[in-house]
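Below, each chain spelled out in residue letters.
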Amino acid sequence: MAGDSRVLMDHNMEIGVTPAQVKKLPKHLRDAPITTERTHLISDPAKKPRQRYVQKDGKCNVHHGNVQETYRYFSDLFTTLVDLRWRLSFFIFTLVYVVNWLFFGFLWWLIALIRGDLLHADEKGWTPCVENLNSFVSAFLFSIETETTIGYGYRVITEKCPEGIILLLVQAILGSIVNAMMVGCMFVKISQPKNRAETLMFSHKAVIAVRDNKMCLMFRVGDLRNSHIVEASIRAKLIRSQQTKEGEFIPLNQTDINIGFDTGDDRLFLVSPLIISHEINEKSPFWEMSFTQMEKEEFEIVVILEGMVEATGMTCQARSSYLDTEVLWGYRFTPVLSLEKGFYEVDYNNFHDVYETNTPTCSAKELAAKLRVEPLLPQLSLLSPEPKIHTFDPLDCLSNQDPLSQDEDKDEERNSGADRGETNGLAAARDEPPLADGLSG
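Where an unreviewed UniProt entry is consulted, the protein appears under the name G protein-activated inward rectifier potassium channel 4, with the organism given as Solea senegalensis. Quoted verbatim from the Sequence similarities (unreviewed entry) heading of the UniProt record, the comment on the protein is "Belongs to the inward rectifier-type potassium channel (TC 1.A.2.1) family." UniProt, in its Subcellular location (unreviewed entry) section for the protein, records the words "Membrane".

Below, the structure is given as structure tokens:
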């Protein structure tokens, strides 16, 4: 009922009819927001949630489907084994060793069967190939003892069995290869540098603010470990769909974002958290993008931090991303570094915190155009008869009035005022009586 009354009142106000008196509603009903079709039309449509190209933890959200040339994975078997999940790695690790032991155990049992050791094992004077090998189980145990070099001493190969000696050499060589491959896979999988990337932090948000009269895009990185990343470098990519002039649609087009490649600022000494800054200049993809335009854009910024792990020397890579909704306009990062007695302390509680700052809402191109006019004003003021102080607010980017025209208007007003003063002075001098007449009176 309350909704019908309010809709009727809005309809009467639109057509110019005096609204009828509406019965006063309770407070909880008056304060409750009532949505109508008209309010849905006026309200701005909310942005649809976008799918990430790279997750916040660095995982790429891309799945490869319909891969027909699966044989390529077996051409690089070592990398394939390393990339497997842990449960599959443990299963393959156990399966390879068990199959290897069973295979050579079967060969030892087959030699004993062909030589007749299984039938004449209890006869005196019979020299078997392997002593105390009288069944497949004992052959399997001898295979394990041989490959793992346990050597209990109960089952021993004799010198009158050349085929057994050859098999012993083959098993020792192949066993060493299997050990090297499987232990190497497990070692590489355990010491993978992506585990080191878990202690590299990226700020949850990226910010845009003014630094030294230049618009900058900034985000923060940090390292939680005392063992540092050697030769650390950082780069960034802008992921955005693009349509060429010929009409070709390029989904997820990648554009480089310069964060100090020319000046060497992309090479980091990551001892304490650092704020990475991208200057929005003519070569930046954000050069002509204002605050209102950025709210309408859909993009993703992928940041990649690379370096060598100091403990192992292996290359480590950490990744993160920022959607367009995670880029805050007009904010800066809260400082986290403080000076204590004899050392610097980093407060990671404020690592992701930002605070609002006064930032123009215009694009970096418009801000640069306004700032190019400012240095000319002090030189022009020296030509005027009286010194003038020129103030220019770089945040007033939407002002269309030319500062030079304002100075000319002020000069004209000052000159006209001086002319009016001289004219009034002459007129007063004509009306004033002569000094001699005044003395004689």
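There is more to say, and it comes next.
Let's shift gears to the packing of helix H6 (residues 86-115) against helix H7 (residues 136-147). Across the interface, H6 lies against H7 with an axial gap of 8 Å and an inter-helix angle of 120°. As summarised for this structure, H6 and H7 are arranged oblique, according to the angle between their axes. Regarding H6 and H7, the two cross each other, and that crossing is right-handed. Where H6 abuts H7, its residues Asn100, Trp101, Leu102, Phe104, Gly105, Phe106, Trp108 and Trp109 lie against Phe136, Ala139, Phe140, Phe142, Ser143, Ile144 and Glu147. Looking at side-chain class alone, the contact of H6 with H7 contains 11 nonpolar, three polar and one charged residues.

The next subject is unusual backbone geometry. With a phi close to 55°, asparagine 66 is a non-glycine residue in the positive phi region. By the element assignment, asparagine 66 lies in the loop between helix H3 (37-42) and helix H4 (71-75). One non-glycine residue, asparagine 132, lies in positive phi territory at about 65°. Checked against the element boundaries, asparagine 132 lands in the loop between H6 and H7. By relative accessible area, which is 36% here, asparagine 132 ends up partly exposed.

Here seven bridges tie strand S4 (residues 229-243) to strand S5 (residues 249-257), and the two strands are oriented antiparallel to one another. The partner of arginine 240 across the bridge, within S5, is asparagine 253. Linking S4 back to S5 in an antiparallel pair, the connection comprises five residues, with glycine 247 at a positive phi of about 95°.

Our focus in this paragraph is the layout of surface pockets. By volume, the largest pocket is sized at about 710 Å³. Lining the largest pocket are 29 residues; nearest its centre among them are Asn258, Ile259, Gly260, Phe261 and Ser277. When residues in the lining of the largest pocket are grouped by element, the largest group, six residues, is from strand S7 (residues 274-279). The residue makeup of the lining of the largest pocket, split by class, is 11 nonpolar, eight polar and 10 charged. Computed from the structure, the second largest pocket encloses a volume of approximately 610 Å³. Asp57, Gly58, Lys59, Lys194 and Glu198 are the residues nearest the centre of the second largest pocket, which is lined by 19 residues in total. Mapped onto the lining of the second largest pocket, the elements with two or more residues apiece are strand S1 (200-202) and strand S9 (315-323). Here the element with the most residues in the lining of the second largest pocket is S9; it accounts for four residues. In terms of residue class, the lining of the second largest pocket is made up of six nonpolar, seven polar and six charged.

On to the pattern of salt bridges, then. Applying the stated criterion across every chain yields a total of 11 salt bridges. The partner of aspartate 117 in a salt bridge is arginine 115, with the nearest N and O atoms 3.6 Å apart. Using a relative accessible area of 2% as the deciding quantity, one classes aspartate 117 as buried. The partner of lysine 214 in a salt bridge is glutamate 279, and the shortest N-O contact between them spans 3.5 Å. Taken together, the residues span a long stretch of sequence, with lysine 214 in strand S3 (residues 214-223) and glutamate 279 in strand S7 at a distance of 65 residues. Salt bridges here are not isolated pairs; linked through shared partners, they connect Arg52, Lys56 and Glu326.

So, on to the nonpolar core. Ranked by internal contacts, the top residues of the largest apolar core, which has 39 residues, are Phe286 and Ile301. Counting residues per element, this core draws most heavily on S4, at five residues. When near neighbours in sequence (up to four residues on either side) are disregarded, isoleucine 301 contacts Leu217, Lys237, Leu238, Ile257, Phe286, Ser320, Ser321, Tyr322 and Val327. In terms of nonpolar packing, the next biggest core, distinct from the first, is built from 11 residues, Phe104, Ala112, Cys129 and Leu133 among them.

Below, the discussion takes up helix H10 (residues 364-373). Buried residues of H10: Ala364, Leu367 and Leu371, and no others. For H10, the angular spread of buried residues about the axis comes to 60°, placing them on one side.

Conventions used here
- Residues numbered from 1 in each chain as written.
- Predicted model: local features only at pLDDT ≥ 70, side-chain atom pairs only at ≥ 80, totals over all residues.
- Heavy atoms only, no water.
- UniProt positions renumbered as here; feature names shortened; annotations may be inferred.
- Axes fitted to C-alpha atoms, helices over the stretch in contact; angles between N-to-C directions.
- Helix = DSSP H or I, 4+ residues; strand = E, 2+ residues; numbered from the N terminus.
- Parallel < 35°, antiparallel > 145°, perpendicular 65-115°, else oblique.
- Left-handed = near helix turned anticlockwise from the far one by under 90°.
- Contact = heavy atoms within 4.5 Å.
- Nonpolar A, V, L, I, M, F, W, Y, C, P; charged D, E, K, R; others polar.
- Buried < 20%, exposed > 50% of the residue type's maximum accessible area, 1.4 Å probe, protein only.
- Pairing = 2+ DSSP bridges.
- 1 Å grid on protein atoms, 1.4 Å probe; cavity = no way out; pocket = protein on both sides within 12 Å on 5 of 7 lines; lining within 4 Å.
- Points joined across faces, edges and corners; volume = space filled by probe spheres on them.
- Salt bridge = Lys/Arg side-chain N within 4 Å of Asp/Glu carboxyl O.
- Core = buried A, V, L, I, M, F, W, Y, C linked by side-chain atoms within 4.5 Å.
- Arc of directions from axis to C-beta.

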